[in-house]
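Given next are the chains, with one letter for each unit.
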Amino acid sequence: MEDSSGLAKQDLATLDVSSLTPLSPQVISRQATINIGTIGHVAHGKSTVVRAISGVQPVRFKQELERNITIKLGYANAKIYKCPECPPMFKYKSGGSAHPDSPTCPSYGCEATLELVRHVSFIDCPGHDILMATMLNGAAVMDAALLLIAGNESCPQPQTAEHLAAVEIMKLNHIIILQNKIDLVKKAAAVEQHRQIKEFVKGTCAENSPIVPISAQLKYNIEVVCEYITTMIPVPKRLFDASPRLTVIRSFDVNKPGCEIDELQGGVAGGSILIGVIKKGQVCMMRLLARGILCVLLFLAPHTTTSSSHAHCIPHHTLHCC
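The notes below deal with the structure included here. These numbers were taken from a predicted model, which means no experiment stands behind them.

**Remarks on the side chain of asparagine 180**
Then comes step 1: Of note, asparagine 180 is situated in strand β6 (residues 175-180).
Then comes step 2: Non-local contacts of asparagine 180, meaning those with residues more than four positions away in its chain, are made with His44, Gly45, Leu148, Ile149, Ala150, Gly151, Ile214, Ser215 and Ala216.

**Some details on the pattern of salt bridges**
Then comes step 1: Applying the stated criterion across every chain yields a total of 4 salt bridges.
Then comes step 2: Here aspartate 101 and lysine 79 are joined by a salt bridge, their closest N and O atoms 3.0 Å apart. A residue pair is termed long-range when its members are at least 10 positions apart, and aspartate 101 in the loop between β3 (92-95) and β4 (115-124) and lysine 79 in strand β2 (residues 74-82) qualify at 22 residues. In this pair, the class of aspartate 101 matches that of lysine 79, namely buried.
Then comes step 3: Where aspartate 143 meets arginine 238, a salt bridge forms, and the shortest distance between an N and an O atom there is 2.7 Å. Taken together, the positions of aspartate 143 in the loop between α4 (132-139) and β5 (144-150) and arginine 238 in the loop between α7 (222-232) and β8 (245-253) put the pair 95 residues apart, joining distant regions of the chain. Across this residue pair, the class does not change: aspartate 143 and arginine 238 are buried.

**Considering the environment of glycine 138**
Then comes step 1: By the element assignment, glycine 138 lies in helix α4.
Then comes step 2: Glycine 138 sits 15 residues away from isoleucine 123 along the chain, and the two C-alpha atoms are 6.6 Å apart.
Then comes step 3: When neighbours within four sequence positions are excluded, glycine 138 is seen to be in contact with Leu73, Ile123 and Ile249.

**A look at the packing of α4 against helix α5 (residues 158-169)**
Then comes step 1: One way to put it is that α4 packs onto α5 with a least axis distance of 10 Å and a crossing angle of 35°. Judged by the twist between their axes, the crossing of α4 over α5 is right-handed. Between α4 and α5, the contacting residues are Met132, Met135 and Leu136 on the first element and Glu162, His163, Ala166 and Val167 on the second.
Then comes step 2: Split by residue class, the contact of α4 with α5 holds 5 nonpolar, 1 polar and 1 charged.

The rules behind the values
Residues numbered from 1 in each chain as written. Predicted model: local features only at pLDDT ≥ 70, side-chain atom pairs only at ≥ 80, totals over all residues. Heavy atoms only, no water. Helix = DSSP H or I, 4+ residues; strand = E, 2+ residues; numbered from the N terminus. Contact = heavy atoms within 4.5 Å. Salt bridge = Lys/Arg side-chain N within 4 Å of Asp/Glu carboxyl O. Buried < 20%, exposed > 50% of the residue type's maximum accessible area, 1.4 Å probe, protein only. Axes fitted to C-alpha atoms, helices over the stretch in contact; angles between N-to-C directions. Left-handed = near helix turned anticlockwise from the far one by under 90°. Nonpolar A, V, L, I, M, F, W, Y, C, P; charged D, E, K, R; others polar.

As far as function goes, none of this settles anything; it's purely spatial.
The following block contains the structure:
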């Protein structure tokens, strides 16, 4: 059953959390359940492929726009659909999180109703060498990764090797290799680089990963990328009825320079809730675990009414940091 926006209805009064799965319509209609990182050398097209799939530009900060590189971790969600009537190479489509669950196929001449098969969240990692720590933060919540390799450069580039080594240490085994910027090279050069990529990943966790030639800028072969995301990346297990845990991978200070002490507002922590469910209006307490990386949200009073649409947090004054 859908509401006026085309999304599945969620009735918190009757919702049985223990029966939910990462593919339940009530879940993937509004919430991404798979975290996919984009890794690779600087300027190889990581942010561009995220934009091609999701329609969202993950590069947003002033300094990033001026330098045309990713500096902070970027986020973008996308829904992936399957068309029952389109040819095999064009069956899979994508759109932003706000898209309805059952839209009409956008392909010319096809009026079939699309089926929502995945709702993914992209973690857009910076590729510059001085930002490796930021990339490692993002790797902490990845379920899979897209390894971007530019077709107009030799393989491997420095951060291509470093990022692959990093996800290998994190025991991330689900990787799709995207040979990007294929529109800028001739066929012979693309075939030669394909050989270089196969040689580069030999003996690594990406040895058996598919290599998909794409042009993220022109959206060539993006449908094939969506197909591989759906068919080759397994749906991770999520414990919806366990105590919620939030893995924090970035934070922001919302206070202006020169702010007085009594005007301090704290900050914003960003990350991914990998275990549990948060309900609107719940009162919660945040506890910091090991070295500020992992937080546990303990809910004290479900369905408590608050003055805003956000969960109300109670400060834990006896908190000790490791």
